[in-house]
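Understanding the architecture of this molecule
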Amino acid sequence: MSSKATRQFTFDDVAQHCKEGDLWIVIDSKVYDVSRFADLHPGGSNVLYAPGVAGKDATDVFFGLHRHEVLLRPQYARLQIGTIGGQSELIKPPAPGALSLIPYAEPTWLSPGFYSPYYNDGHRRFHKAVRTFFAQEVYPEAIRCEENGKRIAQEVVDKLSAMNFLAMRLGPGKYLNGLTLMGGIVKPEEFDYFHELILNLELARFGTRGFVDGLLNGGVIALPPILNYGSPDLQAQYVPDILAGKKYIALAITEAFAGSDVAGVQTVAVRDGDEWVVTGTKKWITNGTFADFFTTLCKTDQGLLVLLIPRSSSVSTKPVKTSYSPTAGTAYVTFDGARVPVSHMLGKVGQGLHVILSNFNHERWMVAATSLGAQRVVVEECLKWTNQRIAFKKPLHSQAVIRAKLALMIERVEACQAWIESITHQMNNMNYAEQSDKLAGPIALLKKFISRAGRETAEDATQMFGGRGITVGGMGKIIENFHRTSPFDAILAGAEDVLGDLGVRQAIRKIPKGARL
């Protein structure tokens, strides 16, 4: 802090500086000289010359218009010339890794005085390490990429890879053996699905939905078919570089011809000696614009087949403009007679649908988790906003209709948390085959429930924030981003209606034949 910022003043001192060319204000005990800044204020100088602002304690006015992070930006922090004697700041930025004290801003297991049967001290240490790392190393990149639409920087990918981020997001498995996870916080043999759940919940807290998918999500959904169905040689050839962040991969299933109707794909693979020749297109492929490899569903004359297709001169991609940030790398992919070695088959001919469907459980659980993480941040934003926003001379939460909306938001996020933790506990205690048999229906219903809850919460939050909730940037930026992008969670990995039907059909199939009223 500069020597100027350590000077002390009284409110009477500040009151003497309330005119054009000589303007001071107080925000949270800090005195700012905004004389030169007044004409640069985005809202115009009249905002600063208002009777309740010029030469006054403008704390309430400021926080009715701006987020606290504005004061931390260098260009504004340097305007501070001192403090009010005898006072100290009340509003402080959270330390990296710190837990929020806002009720319901954290899941129960992280809330002081509450307990959970699912998590242990190791999970708590892991959580703190993840949140701290994300805040320091990933959050700035998330904001940058969400705004400019560029892919995540290799420097940040390298830092994530040093923590074995992508490997952890694949869940427990033999591919973790010998790796140092999160700097050694957790051993590979101790890593479970609750550790992975923590990762998914935390990476969604940035309020940057496009970046969430740009954060190597292609690897999360495209690597499991290789690990489960690829030959040992194929795995050895490609998996290490992908896990190390040196190469990128995307899952290429969806087409303009076939969305939820996975079996209806039109991309064709024709056998030619020791190669497959692939022709067709894929659309809305996450990370596709920068992927080096594509785990691709094709049709053959003998049924569906999954192939690992490297990028080549016969494989081209172009961006697909969607309602979230281009940083996700959403692509239209064209295979123009791409030649693929037979050794790149993932499973047998005719087994393609099984390979893809077995991959869906984990993907849907992941999407549900990231949606939930974002929803909880929205709840925190709304509780803070309704506490500081003054309307009709009272805090916004003095209105019964606002409290009713908050109640519904809290109910939804806590119900989602309880259900996903129950499912995660089952995943921890079932092998892969058992998960495929018993959890396909429950996970489908879980994802539908969470994504629908998200869209309801998005609507309620937007009503609370008003115009700010539909403005990019500023006070309502997180609400605007979530409201605009929450439909992705309702579509990706399976549309809500399709998943609801799947869950019910799975249940009907398991009704005992002798069951009667």
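Going by the structure above, here's the rest.
In this report, we go over the structure that sits alongside the text. If you're wondering where the values come from, they're calculated on a predicted model, not measured in any experiment.

Notes on unusual backbone geometry
- Of note, Asp28 is a non-glycine position whose phi angle comes to about 50°, a positive value.
- By secondary structure assignment, the location of Asp28 is in the loop between β3 (22–27) and β4 (30–33).
- At Asn164, a residue that is not glycine, the phi angle is positive and equals roughly 60°.
- For Asn164, the location among the structural elements is in the loop between α7 (154–162) and α8 (165–168).
- Exposure remark for Asn164: the relative accessible area of 12% places this residue in the buried category.

Quick notes on a nonpolar patch on the surface
- A contiguous nonpolar patch, built from Val47, Val61 and Leu65 and spanning about 190 Å² of accessible area, is present on the exposed surface.
- Take Val61: its relative accessible area is 36%, and that puts it in the partly exposed class.

Quick notes on the pairing of strand β8 (residues 275–285)
- Sheet topology note: the strand β7 (residues 268–272)/β8 ladder contains five bridges and is antiparallel. Bridge pairing in β8 places Ala269 opposite Val278.
- In this structure, the hairpin formed by β7 and β8 is closed by a connection of two residues, where Gly273 is found at a positive phi of approximately 65°.
- In the sheet, β8 pairs with strand β12 (residues 331–341) via nine bridges, with the strands oriented antiparallel. Looking at β12, one finds that Trp276 is bridged to Val340.

Describing the packing of aromatic side chains
- Enumeration according to the criterion identifies 19 aromatic pairs in this entry.
- Between Phe126 and Phe191 the ring centres are 6.1 Å apart and the planes differ by 80°, which places this aromatic pair in the edge-to-face class. Here Phe126, found in helix α6 (residues 121–148), pairs with Phe191, found in the loop between α8 and α9 (193–203); they are 65 residues apart in sequence, far enough to count as distant. Each member of the pair, Phe126 as well as Phe191, carries the same accessibility label: buried.
- Members of the aromatic cluster, each reached through a chain of ring pairs, are Phe133, Phe134, Tyr139, Phe165, Phe206 and Phe211.

A short note on the environment of Pro140
- With respect to the helices and strands, the residue Pro140 is situated in helix α6.
- Pro140 gets classed as partly exposed once you look at its relative accessible area, which sits at 47%.
- Sequence separation between Pro140 and Phe206 is 66 residues; the distance between their C-alpha atoms is 9.4 Å.

What to know about the packing of helix α16 (residues 440–465) against helix α18 (residues 496–509)
- α18 packs onto α16 with a crossing angle of 145° between their chain directions and a minimal axis gap of 8 Å. For the pair α16 and α18, the crossing hand works out as left-handed. Judged by residue contacts, Ala440, Gly441, Ala444, Leu445, Lys447, Lys448, Ser451, Arg452 and Arg455 of α16 engage Glu496, Asp497, Leu499, Gly500, Leu502, Gly503 and Gln506 from α18.
- Class assignment for the residues of the contact of α16 with α18 results in five nonpolar, five polar and six charged.

Considering the environment of Val156
- Mapped onto the fold, Val156 is located in helix α7.
- Measuring from C-alpha to C-alpha, the distance between Val156 and Glu141 comes to 7.6 Å, with 15 residues separating the pair along the chain.
- Aside from chain neighbours lying at most four places away, what touches Val156 is Glu137 and Glu141.

Quick look at the layout of surface pockets
- Here the largest pocket defines a volume of roughly 1,800 Å³.
- Only α3 (59–63), α4 (69–72), α6, α13 (352–388) and α17 (477–491) provide two or more residues apiece to the lining of the largest pocket.
- Looking at the lining of the largest pocket, the element that brings in the most residues is α13, giving seven residues.
- For the lining of the largest pocket, the per-class residue count stands at 23 nonpolar, twelve polar and 14 charged.
- Approximately 1,200 Å³ is the volume attributed to the second largest pocket.
- Forming the boundary of the second largest pocket are 46 residues, of which Val262, Phe360, Arg364, Ala493 and Gly494 lie nearest the centre.
- Of all the elements in the fold, those that place two or more residues in the lining of the second largest pocket are α10 (209–214), α11 (217–229), β8, α13, α15 (432–438), α17 and α18.
- Among the elements that line the lining of the second largest pocket, the one with the most residues is α13, at ten residues.

Quick look at the sheet that holds β3
- Across the sheet, which stays open at both edges, the five strands sit in the order β1-β5-β4-β3-β2 with mixed pairing between neighbours. At either margin of the open sheet sits one strand with a lone partner, and together these are β1 (8–9) and β2 (18–19).
- Across two bridges, β2 lies against β3 in antiparallel orientation. By the bridge assignment, Lys19 is partnered in β3 with Asp22.

Cut-offs and rules
- Residues numbered from 1 in each chain as written.
- Predicted model: local features only at pLDDT ≥ 70, side-chain atom pairs only at ≥ 80, totals over all residues.
- Heavy atoms only, no water.
- Helix = DSSP H or I, 4+ residues; strand = E, 2+ residues; numbered from the N terminus.
- Buried < 20%, exposed > 50% of the residue type's maximum accessible area, 1.4 Å probe, protein only.
- Patch = residues over 30% accessible without salt bridge, like charges linked within 9 Å, V, L, I, M, F, W, Y side chains within 5 Å.
- Areas by Shrake-Rupley, 256 points an atom, 1.4 Å probe, with all protein chains shown as cover.
- Salt bridge = Lys/Arg side-chain N within 4 Å of Asp/Glu carboxyl O.
- Pairing = 2+ DSSP bridges.
- Phe/Tyr/Trp six-rings, centres within 6.5 Å; stacked < 30°, edge-to-face > 60°.
- Axes fitted to C-alpha atoms, helices over the stretch in contact; angles between N-to-C directions.
- Left-handed = near helix turned anticlockwise from the far one by under 90°.
- Contact = heavy atoms within 4.5 Å.
- Nonpolar A, V, L, I, M, F, W, Y, C, P; charged D, E, K, R; others polar.
- 1 Å grid on protein atoms, 1.4 Å probe; cavity = no way out; pocket = protein on both sides within 12 Å on 5 of 7 lines; lining within 4 Å.
- Points joined across faces, edges and corners; volume = space filled by probe spheres on them.

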